[in-house]
Amino acid sequence: MIVFNKPPFIGKETEYMQQAIANGVLCGDGPFTKKCSAWMREHFCVNHAFLTTSCTHALEMAAYLADIQPGDEVIMPSYTFVSTADAFVLRGAKIVFVDIHPETMNIDERLIEDAITERTKAIAVVHYAGVACAMDEILAIAKKHHLKVVEDAAQGVNAYYKGKALGTIGDFGCYSFHETKNYSMGEGGALLFQEDKYQEKAEILREKGTDRSKFFRGQIDKYTWVDYGSSYLPSDLNAAYLYAQLEEFEKINEKRMSIYNYYHEALAPLAEEGLLERPCVPEYAVHNAHMYYVKLKDLKERGAFIAYLREHGVQATFHYIPLHSASAGLRFGRFHGEDVYTTKESERLARLPMYYALTDEERAQVVNAIYGFFGKTR
Ligand SMILES: *Cc1c(COP(=O)(O)O)cnc(C)c1O
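Here we summarise the structure given alongside this text. On a predicted model such as this, the values are computed, not experimentally measured, just so you know.

1. What to know about the overall build of the protein
Helix and strand counts for the protein stand at 14 helices and 13 strands. The globule rule puts the C-alpha radius of gyration for 378 residues at 21 Å, and the 21 Å found for the protein is close to it. Along the first, second and third principal axes, the C-alpha atoms of the protein reach 70 × 55 × 35 Å. The 378 residues of the protein split such that 56% are buried. In the protein, the proportion of contacts linking residues at least 24 apart, taken out of those at least 6 apart, comes to 70%. Summed over all atoms, the accessible surface of the protein reaches about 16,100 Å², with 52% contributed by carbon and sulfur. Computing the positive centroid from 41 side-chain charges and the negative centroid from 51, the protein places the two 2 Å apart.

2. Quick notes on the site of the ligand
Thr-56, Asp-152, Gln-155, Ser-176 and Lys-181 are the nearest of the 13 residues found near the ligand. Separating an oxygen atom of the ligand from a side-chain N or O atom of Gln-155 is a distance of 2.8 Å. Backbone polar atom of Gly-188 to an oxygen atom of the ligand: 3.5 Å apart, as the coordinates give it. Grouping the constituent residues of the shell around the ligand by class yields five nonpolar, six polar and two charged.

3. Quick notes on the packing of helix α2 (residues 31-43) against helix α8 (residues 236-247)
Relative orientation of the contacting elements α2 and α8 amounts to 40 degrees, with a least axis distance of 7 Å. On the basis of the axis angle, α2 is oblique to α8. As for how α2 packs across α8, the hand of that crossing is left-handed. Of α8, the residues touching α2 (which contributes Pro-31, Phe-32, Thr-33, Lys-35, Cys-36 and Trp-39) are Asp-236, Ala-239, Ala-240, Leu-242, Tyr-243 and Leu-246. Class assignment of the residues belonging to the contact of α2 with α8 gives a composition of nine nonpolar, one polar and two charged.

4. As for empty space enclosed by the protein
The method is simple in principle: a probe with the dimensions of a water molecule rolls over the atoms, and the space it marks as empty is what remains. Counting across every chain of the model gives two cavities of 30 Å³ or more. In this structure, the largest cavity encloses a volume near 80 Å³. Along the walls of the largest cavity sit Thr-104, Tyr-128, Ala-129, Val-131, Tyr-260, Pro-279, Cys-280, His-287, Ala-289, His-290, Met-291 and Tyr-293, which together make up its complete lining. Considering only residue class, the lining of the largest cavity consists of nine nonpolar, three polar and no charged. In this model, the second largest cavity occupies a volume close to 40 Å³. Contributing to the lining of the second largest cavity are Glu-200, Glu-203, Ile-204, Glu-207, Thr-210, Asp-211, Arg-212, Ser-213 and Lys-214. Breaking the lining of the second largest cavity down by element, the ones donating at least two residues are α6 (199-206) and α7 (212-216). Counted by class, the lining of the second largest cavity contains one nonpolar, two polar and six charged residues.

5. Here we look at the nonpolar core
Grouped burial of nonpolar side chains is what soluble globular proteins tend to show. Judged by nonpolar contacts, the single largest core of 53 residues is most densely connected at Met-40, Leu-51, Ile-138, Tyr-175 and Phe-177. Considering every element that reaches this core, the biggest residue donor is α8, with six residues. Leu-65, Ala-85, Ala-93 and Ala-122 belong to the second largest nonpolar core, which has 34 residues in total.

6. So, helix α14 (residues 360-373)
When the terminal C-alpha atoms of α14 are compared, their 20 Å separation across 14 residues agrees well with the 20 Å that a helix rising 1.5 Å per residue should span. Residues of α14 that are buried in the fold lie against α9 (249-266), α10 (268-272) and α11 (299-311). Where α14 ends, the next residue or the one after it, Gly-375, has phi of about 70 degrees, a positive value.

7. Let's talk about unusual backbone geometry
Backbone geometry at Lys-162 places phi at a positive 45 degrees, although glycine is not the residue there. Note that Lys-162 resides in the loop between β6 (160-161) and β7 (164-165). Positive phi, normally seen in glycine, also occurs at Ala-289, with a value near 50 degrees. Secondary-structure assignment places Ala-289 in the loop between β10 (285-286) and β11 (293-295). Since its relative accessible area comes to 0%, Ala-289 is described here as buried.

Thresholds applied
- Numbers given for residues are sequential positions, taken from 1 along each chain in its written order.
- Per-residue local features of the predicted model are confined to residues with pLDDT of at least 70, and side-chain atom pairs are confined, for both listing and counting, to 80 or more; whole-chain, interface and lining totals are unaffected and use all residues.
- The side-chain numbers reported here are obtained from all heavy atoms of the structure, hydrogens and water having been left aside.
- Numbering of helices and strands runs from the N terminus; a helix is a DSSP stretch of H or I covering at least four residues, while a strand is a stretch of E covering at least two.
- As a reference, a globule follows 2.2 Å times the number of residues to the power 0.38, and the radius of gyration itself is taken over C-alpha atoms.
- Exposure classes here rest on a 1.4 Å probe applied to the protein chains alone. A residue is buried below 20% of its type maximum, exposed above 50%, and partly exposed in between.
- We call two residues in contact when some of their heavy atoms are within 4.5 Å.
- Only the protein chains shown count as covering a residue, and every accessible area follows the Shrake-Rupley method with a 1.4 Å probe.
- Charged-residue counts in this description rest on Lys and Arg as positive and Asp and Glu as negative, His and the chain ends being excluded.
- All charge positions are set by atom: Lys at NZ, Arg at CZ, Asp at CG, Glu at CD.
- Being near a molecule or strand, for a residue, means having at least one of its heavy atoms within 4 Å of it.
- Polar contact is defined as a pair of N or O atoms within 3.5 Å, subject to the rule that within protein one atom must be able to donate a hydrogen and the other to accept it, and that residues adjacent in sequence are counted only when both atoms are side-chain atoms.
- Charged residues are taken to be Asp, Glu, Lys and Arg, nonpolar residues to be Ala, Val, Leu, Ile, Met, Phe, Trp, Tyr, Cys and Pro, and polar residues to be all remaining types, Gly included.
- As a rule, the C-alpha atoms of each element are fitted with a line to give its axis, helices using only the stretch in contact, and angles between N-to-C directions run from 0 to 180 degrees.
- Oblique is the label for any angle not under 35 degrees, not over 145, and not in the 65 to 115 range, which are roughly parallel, roughly antiparallel and roughly perpendicular in turn.
- Crossing chirality is assigned from the near helix's rotation relative to the far helix, an anticlockwise turn below a right angle marking it left-handed and a clockwise turn marking it right-handed.
- Here the term cavity refers to a set of points on a 1 Å grid, laid over the protein atoms alone, in which a 1.4 Å probe fits but cannot get out; the term pocket refers to an open set having protein on both sides within 12 Å along at least five of seven lines, with lining residues being those that place an atom within 4 Å of a point.
- Grid points are joined across faces, edges and corners, and a volume is the space filled by probe spheres set on the points.
- Residues grouped as a nonpolar core are buried Ala, Val, Leu, Ile, Met, Phe, Trp, Tyr and Cys residues, joined through side-chain atoms within 4.5 Å.
- The span you would expect from a helix comes to 1.5 Å times its residue count less one.

Structure (structure tokens):
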């Protein structure tokens, strides 16, 4: 069976993890964590980058730092992972879902302004498949209505919007280094932001409500409880695993891009015949081959497609069930406007195996199985 995902492993992870053990620092903010943060600041041109235990936790930090209060409203797409909403629900916010663009599955920025009320505090955008949302338009709306912009860039590490790294454009950016993402540490993530004014509060929040970060920098001689906080620091062992991948980020990216381009070209004849649709990348976006998906006619055909591929040794998967139709979504949120594309497009989408270790033979087998489903041979 060609599985849907394998966690990335580039080779040096083991050595770096051994080095972390030899360093004698297994807790958070050790030498490898510092290397990872410095690497992100440099490569993604961002002033602050904190490694976290997950993207979910980075989103929780962002919602807290954005000062979301009970009763506030946050606008986001319904076609996303639960964590985008959960982080704001934790702060007592009401989630307002709007529809997506069918071409990119990203929030339709033209629908945001109509969903704004006097309670709206933030817009949370999701760069689906590492393809950027229309950030200029979204930032202009946010500025006009004094809203914070949180980027769920879980899938957008090393992807760009008009030259800017995703996750560095809004007020806060959140990355995931989960084993299903392009660069991984098993479980992990990062919170990014440009403005210095958030630094102290972010450090305190991440360090259980203490000013321990200042203490480690020698700015104070003892640390105490100064505010609300939690523990969002990953172990330096995990950071060591991640650092090996960040060092080889180009190699990982090239491999993923080659798989993406292979699928895209190999499936072009089927797309031309109108049998399936392939993903679109807007001119302004440089994506990172986080995902390759195809769209079938409808839910029924997608079910048959996934089942056929499985019978032929290929694990393809569907993706998000729109949040507004889930039981928690009904409780914590509402859909503003009409659901023209969210449900319909989500039901047609199937993701193909996409990971660093996928071989040339395997990707060819995936494509052959797809041709087989349509009763064709290549
Ligand atoms: C993976 C993912 C998350 C969650 O990331 P974790 O690191 O597992 O918490 C959140 N949002 C999106 C869009 C994701 O793809």
